[in-house]
Every structure is written in C-alpha cells, then in structure tokens.
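As a plain string of letters, each chain reads:
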Amino acid sequence: KLQEDGGTDAISIATDGKSTITNAVINAWTPPAGCLLQVVQGTHNTETGTTSTSWVATGIDVTITPSAASSKVLVTARTSAYLNIPGHVAYYTIYRGSTNLAVDNNGFANVHQTGSSSVDLITDLTMIWLDSPNTTSATTYQIYTRTNSTSMTNNWSQNGSTSVIIAQEIAG
C-alpha cells in the first residue's frame, strides 16, 4: 500500500495484482519534447515496377495517428531498386498523403545505371525524414518512385525482398 505521508490518499495493490486508488487525484502527464510516443510499421514484399516519369505510389506505406498536433513523425523507409538500362535513373521520395516531402522533383534518393546494358543494377536504398504533420488525424506516409525515361522499368521489392516503412511519433 502506498500512502501519502499522514494522509488518506492511497494506492493499494492486492495480492491478486488488482489496484485500488482511494481519494487520489491523477494529473495528466505531458511527455517532454523528444520522447518516443509510438512506432508503426508497414511492409511490402511483391516485386513491382513502373515506367512512369511521374511520381507513382509503390504500395510501401504506413499510417500513424499522432496523439498531438505538436508531435513530429520520424519516417524511415527502405526498399530495393533494380535498373538494367544504361543512362537511366530511378527516383524515390516519401509522400505524406498527396504531398511530396522532398524539396524538389529529384526526391530523397536516386539510383543511376551507368554500366553496360548487360549489367543489372540491384541496390538497397534508405530514406529518412523528420516531418511536422501538425495534425491528430490518421496520416499515411508512402514511398513513391518515378523514372527519367518511359523506356526503362524501375522495379522495387526486388525478388520479393521485404520493403519497410516505419513512422515514429516523437513528442514536440
């Protein structure tokens, strides 16, 4: 039994593990800035490709509902990329809903194929972004991709490898 010194407010824990609170006032706790509040993860393991020169959704997504509008969301995304035509580029970025979070149309990461046409380029790439969504509504983050030429197919989740996107809410 925990009791305030000389008072009647108490928290009792019985032998069966059940707790009883008597005459106690429980104030809401506000986590300090920088505390990790929640973590959610999305995965994708189907090899998919595109020849689009406009941004297209990859299906690698995660949805998080921030507990406070002041929270930050740290997004970490990882996938594999495959190219096989020299001179072509695959671009990758992170979207929040319909908004590209990158500062320009090159995205956060790009893969260049500079070898000969007989060389396949398969690589892993990781992107990290600290976002301020300013909402307590469900928010979806997703990897998008595009190519620099419709004559090239850009593949992700190569050979069924698991792509991952993680959203971590951090107190603001």
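Provided above is the structure to which this section pertains.
About the cut-offs
- Residues numbered from 1 in each chain as written.
- Predicted model: local features only at pLDDT ≥ 70, side-chain atom pairs only at ≥ 80, totals over all residues.
- Heavy atoms only, no water.
- Core = buried A, V, L, I, M, F, W, Y, C linked by side-chain atoms within 4.5 Å.
- Buried < 20%, exposed > 50% of the residue type's maximum accessible area, 1.4 Å probe, protein only.
- Helix = DSSP H or I, 4+ residues; strand = E, 2+ residues; numbered from the N terminus.
- Pairing = 2+ DSSP bridges.
- Phe/Tyr/Trp six-rings, centres within 6.5 Å; stacked < 30°, edge-to-face > 60°.
- Lys NZ or Arg CZ within 6 Å of the ring centre and 35° of its normal.
- Polar contact = N/O pair within 3.5 Å; in protein donor to acceptor, adjacent residues only side chain to side chain.
- Contact = heavy atoms within 4.5 Å.
- Salt bridge = Lys/Arg side-chain N within 4 Å of Asp/Glu carboxyl O.

Draft legend 1. Structural context of the nonpolar core. By size, the foremost hydrophobic cluster in this structure holds 22 residues, and its most contacted members are Tyr-92, Ile-94, Leu-125, Met-127, Tyr-141, Ile-143 and Ile-165. Of all elements in the fold, only β6 (56-64), β7 (72-83), β8 (89-96), β10 (109-112), β11 (121-131), β12 (139-147) and β14 (163-170) reach the threshold of two or more residues within this core. Core analysis: the second largest hydrophobic core is formed by five residues, Trp-55, Val-89, Tyr-91 and Tyr-144 among them.

Draft legend 2. Layout of the pairing of β14. Where burial is concerned, most of β14 is hidden: six out of the eight residues are buried. In the sheet, strand β4 (residues 36-44) pairs with β14 via eight bridges, with the strands oriented antiparallel. Bridge pairing links Val-39 to Gln-168 in β14. One ladder, built from seven bridges, connects β7 with β14; its direction is antiparallel. Across the sheet, residue Ala-77 finds its bridge partner in β14, namely Ile-165.

Draft legend 3. View of the packing of aromatic side chains. Following the criterion strictly, the structure yields two aromatic pairs and no others. Here the aromatic rings of Tyr-95 and Tyr-144 are separated by 3.7 Å at their centres, their planes lie at 20°, and the arrangement is stacked. Within this pair, whereas Tyr-95 is found in strand β8, its partner Tyr-144 is found in strand β12, the two being separated by 49 residues in sequence. Among the residues examined, Tyr-144 registers a relative accessible area of 16% and is labelled buried. For the pair Phe-108 and Trp-129, a centre-to-centre distance of 5.1 Å together with 45° between the ring planes defines the contact as tilted. One end of the pair, Phe-108, is in the loop between β9 (99-100) and β10; the other, Trp-129, is in strand β11, and 21 residues separate them in sequence. Note on Trp-129: relative accessible area 29%, which makes it partly exposed. Looking at Arg-146, its charged tip hangs above the ring of Trp-55, at a distance of 5.3 Å from the centre. Note that Arg-146 overlies the ring of Tyr-91, its terminal NZ or CZ placed 4.0 Å from the centroid.

Draft legend 4. Structural context of the environment of Gly-107. Its location among the elements puts Gly-107 in the loop between β9 and β10. For Gly-107, a relative accessible area of 19% translates into the label buried. Sequence separation of Gly-107 and Tyr-95 is twelve residues, and the distance between their C-alpha atoms is 9.8 Å.

Draft legend 5. View of the side chain of Ser-157. In this structure, Ser-157 sits in the loop between β13 (154-156) and β14. Ser-157 gets classed as buried once you look at its relative accessible area, which sits at 0%. A distance of 2.8 Å separates a polar atom in the side chain of Ser-157 from a polar atom in the side chain of Ser-163. Beyond its immediate sequence surroundings of up to four residues, Ser-157 is in contact with His-44, Asn-45, Thr-46, Glu-47, Ile-60, Thr-79, Ser-80 and Ser-163.

Draft legend 6. Structural view of the pattern of salt bridges. For the structure shown, the criterion picks out two salt bridges. A salt bridge links Arg-78 to Asp-124; the nearest nitrogen and oxygen atoms lie 2.8 Å apart. In this pair, Arg-78 is assigned in strand β7 and Asp-124 in strand β11, connecting sequence segments 46 residues apart. A salt bridge links Arg-96 to Asp-131, with the shortest nitrogen-to-oxygen separation between them at 2.6 Å. Placement of the pair is Arg-96 in strand β8 and Asp-131 in strand β11, with a sequence separation of 35 residues. A relative accessible area of 4% means that Asp-131 is categorised as buried.

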